[in-house]
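The residues making up each chain are set out below.
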Amino acid sequence: MRATVLRTQVIAAARRPGRLILTGLAILVASFVVFGTVLARDITERTARDTLSGTPAATDLVVGDPERPPALTALRDVRAVPGVVEAVGRVTIGVSVGGGYVNLQADPGRGPLATVRLVQGSYPDQPGEIAVSPRTVERLGLTVGTVTTGTGGDRTAESPLTVTGVVDTPVDDGANAYAPDDVVAAWGHLTFVERIDLRAAPGATQAVHQRLAAAVSAEQPVRSGAEVRDAEADAAAEQVGRLFALVGMFVGIAVAAAALVVTSTFRIVFAQRMQHLALLRAVGAGRGALVGALTAEGALTGLVAGVVGVAAALAVGQALPPVLRAFGTVVSSPGLPLTPAVAVVVGAVVITVLAVLAPAFSAARVSPLEALRAASVTAGRRGIGAGRLVSGALLALGALLAGVAAVRRMPTPGAESYDPTLGLFLLVASGALAFFALVALGPLLVRPVLAVVGWPLRQLGALGRLAVGGIGGTPRRAAAVSVVVALGVTLISGVVIGGASMRVVADRDMALSAPADFEVASAEGTALPVAVLARARAASAALTRVVPYRMLHDVALLRGGARIGDVEAGYSTTDLDLSALPTLADLPVAQGSLADRGPGRIVLGQAVASVTGLRAGDTVTLGRAASTVDVRVAAVLPDRGPLYAGILADRADLDRIGGPTAYSGLLADAARAGEDGRTAGVRALRQAVGDAPGLHIGVLADDRDRNDAVLSALVWITAGLVSLTVLIAVVGVGSTTALSVVERVRESGLLRAVGLSRAGLRTMLTVESGLYGVIGATFGLLLGVPYAWLAVRALGLNAPLTLPVLPLVGLFVALVALTALAGVLPARRASRVSPVAALGVEG
């Protein structure tokens, strides 16, 4: 009998491949995502290996490395080795030039070992000559023929530099200069290079390798060019591996969501076939035979879904790189990873079997008398058992206790040596327990939540009441689908809130370290000439908000004539006018108020306040040499002060303690937005600085842009990864609605018979699908918002608890729209069935 039942179920499933795919649609999508991730990693690693090596392909051998740099004499010895066609030294030195800064790199400029290509002028061949990149020309005004001075390498005195050419470079960050190795070494007074790249005569590489052993020191490693390129590619691939380890975590969450969806789907499918299962029981099939047959059906579903998902991912993975290359993007094609493909298919079968066990055991308990009832009667249970209720309550209690423990470990303001590891672990444990409690108690929570979120729909008329009633009539099903939506919304809302909080922290940090677009800073022992400040203020077409400042590094904090704090040399103190720069006008404070700044009042950074024990309202003495002034602490910042200063004081107070009258530097903003405005600002500052010694021009806006780009990319990448869970949830809503349409054919026919139009039926079923999203998004926001706030606190970053209302509202609306769209096709199918045919369907 067991074999007969098994054969009957498997043959019935195989005869309806559409139903089979629909049942396992979530597993299919999960298989596509998992194998797609495998292919994406393969593509990324191959692309990194093919394109991210900095060693030219013509390099046959490499002598030395940055840890064991060869001497210049070794470069001459290598060139003298028989069989060596070309040998070049690689070295990079930082050069301060004309108020700016460039990286001067040794490169031959021509030939197979060159990494740059001359596009204007001539390539350097004499000490003191350089070629620069196009963006360096724009930023620093170093056009061909420009003569300036600079220091760098082991050269401490200013020495002339002449720009002879412009070169095209692999990477152009606006601070790139190039010259041959002998030119760089002679100008920079270098005695070592970082390594030596060489080309050997055709067929002589092995012989040259052996000869080099006698020509260079035994401590100098000699590696093949291919080995070095592989090492460079491996370093890039290692970063790819770390990234995909993070991706794997989110893919694992998506797979877990798929398991939850497919469990719910099997419950619906088995409930629809309850009469059939009861009939099998009536003719002698045992519960074990039914469980085995239903489990086999689940395995077949997982196998088909896994194979289709892997095949689809493989097709996309092989087709995408050629398309991208056709549009100019260099992307390598993946291989054919058979082992991962088989593993994904096997994993799909295993997960589906595990997901089907609970529904199978539940369905196998059907009584033979159920054969006399409609399937809908059996599927309509609304409550949960006592065991599930107790388990859910215990899970909720565990989540609460873990959350309380995490809160108790959170840092207090000014706390030092805080380790967030345990607090974050407790928080993750609390969140996991809370989610499983939601899974267990979901059927009880759906109806009260539906009563609130469904109230507006009920006011719209009969269609709204029917839609709400359709969801409320099957709370177990609604809970099973909604908790998966809730998981996705919890993760995305956490990313949105965490990203918003991190954005505030990043903006605050950048406002402190880069409060303006540009800075002109003076070297130690020098000052900003008054004429430079006047010329900068006069360049109003290119610069705005030119704000000078003084910076002292030897100011002490005293009480009773004794120093307080643990800094013997004194604290960095500035008189920068915060109100003159928009980025600093609204700085957050941990204590006090910035509005109280003025003569006799100071603002402290958090670090200084912590080591001195000072708080807002305390009085203290500023001291420098023999001069002192009594002041009051007006405010304490949550982090350091602007320009890394520990103390912000009034200009008059710095005068009283003998501060120099000359300024240390100035800050300025570009008068126009964009790269053109920034370039114009740099040129204006270069003209203002002129040949004044000891001044450096920094483009702080570039640092701000880089940090902003990194944070934005991080938030978008993370949001994209957690959206995989939402994708699975939307697929679950679509499959649930489609199966529900089959189950409710008689109900749909009855509604049509009593006057409901096709459009009305479509609308009702689409609204029902949207309600899954409403309930899930509500659960998700109720979990996501507090846990995101707690996570921000647990990280100990002094980040504010931000609630980005518009993004969260947009997330809510988008989820509702997606889940509603998932029900459109099933609703159209249901509306096409004639009332007469629908009323003739049994159960």
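Just above, that's the structure.
Draft legend 1. Fine view of the environment of Val 483. Among the secondary structure elements, Val 483 is positioned in helix 17 (residues 475-513). Counting along the chain gives 44 residues from Val 483 to Val 439, while the straight-line C-alpha distance between them is 6.3 Å. Those residues in contact with Val 483 that sit more than four places away from it in its chain are Phe 435, Leu 438 and Val 439.

Draft legend 2. Highlighting the sheet that holds strand 2 (residues 84-90). The antiparallel open sheet is built from 4 strands, whose spatial order is 2-10-1-11. Looking at the sheet topology across the chains shown, the edges are occupied by strand 2 and strand 11 (222-224). The average undirected angle you get between the axes of adjacent strands in this sheet is 25°. Note: strand 1 (residues 61-63) against strand 11, 3 bridges, orientation antiparallel. Within strand 11, the residue paired with Val 63 across the bridge is Val 222. Across the sheet, helix 4 (residues 72-79) lies against strand 2 and strand 10 (195-200), angled at about 165° from strand 2, the strand it touches most.

Draft legend 3. Quick peek at the packing of helix 13 (residues 386-408) against helix 14 (residues 421-453). In the contact formed by helix 13 and helix 14, the axes pass within 7 Å of each other and the chain directions differ by 155°. Classified by the interaxial angle, the pair formed by helix 13 and helix 14 is roughly antiparallel. The way helix 13 lies across helix 14 gives a crossing that is left-handed. Residue composition of the contact of helix 13 with helix 14, by class: 19 nonpolar, 5 polar and 1 charged.

Draft legend 4. Region of interest: the pattern of salt bridges. What the rule picks out here adds up to 18 salt bridges. Between Asp 197 and Arg 90 there is a salt bridge whose closest N-O contact spans 3.0 Å. A residue pair is termed long-range when its members are at least 10 positions apart, and Asp 197 in strand 10 and Arg 90 in strand 2 qualify at 107 residues. We classify Asp 197 as buried; its relative accessible area is 0%. We note a salt bridge from Asp 575 to Arg 550, for which the minimum N-O separation is 3.0 Å. Taken together, the residues span a long stretch of sequence, with Asp 575 in the loop between strand 16 (571-574) and helix 19 (582-585) and Arg 550 in the loop between strand 13 (543-549) and strand 14 (551-559) at a distance of 25 residues.

Draft legend 5. Up close: helix 27 (residues 824-832). Turning to helix 27, its buried residues number three or more, namely Pro 826, Ala 827, Ala 830 and Ser 831. Buried residues along helix 27 cover an arc of 135° about the axis, so they all sit on one side. Exposed side of helix 27, more than 90 degrees from the buried face: Leu 825 and Arg 832 are the residues found there.

Draft legend 6. Broad picture of the layout of surface pockets. There is about 1,400 Å³ of room inside the largest pocket. Taken together, 36 residues line the largest pocket, and the ones lying closest to its centre are Phe 250, Val 428, Leu 491, Gly 494 and Ala 791. Of all the secondary structure elements, the ones that give two or more residues to the lining of the largest pocket are helix 8 (225-272), helix 14, helix 17, helix 23 (700-743) and helix 25 (758-794). Residues belonging to the lining of the largest pocket are distributed by class as follows: 29 nonpolar, 7 polar and no charged.

The rules behind these values
- Residues numbered from 1 in each chain as written.
- Predicted model: local features only at pLDDT ≥ 70, side-chain atom pairs only at ≥ 80, totals over all residues.
- Heavy atoms only, no water.
- Helix = DSSP H or I, 4+ residues; strand = E, 2+ residues; numbered from the N terminus.
- Contact = heavy atoms within 4.5 Å.
- Pairing = 2+ DSSP bridges.
- Axes fitted to C-alpha atoms, helices over the stretch in contact; angles between N-to-C directions.
- Parallel < 35°, antiparallel > 145°, perpendicular 65-115°, else oblique.
- Left-handed = near helix turned anticlockwise from the far one by under 90°.
- Nonpolar A, V, L, I, M, F, W, Y, C, P; charged D, E, K, R; others polar.
- Salt bridge = Lys/Arg side-chain N within 4 Å of Asp/Glu carboxyl O.
- Buried < 20%, exposed > 50% of the residue type's maximum accessible area, 1.4 Å probe, protein only.
- Arc of directions from axis to C-beta.
- 1 Å grid on protein atoms, 1.4 Å probe; cavity = no way out; pocket = protein on both sides within 12 Å on 5 of 7 lines; lining within 4 Å.
- Points joined across faces, edges and corners; volume = space filled by probe spheres on them.

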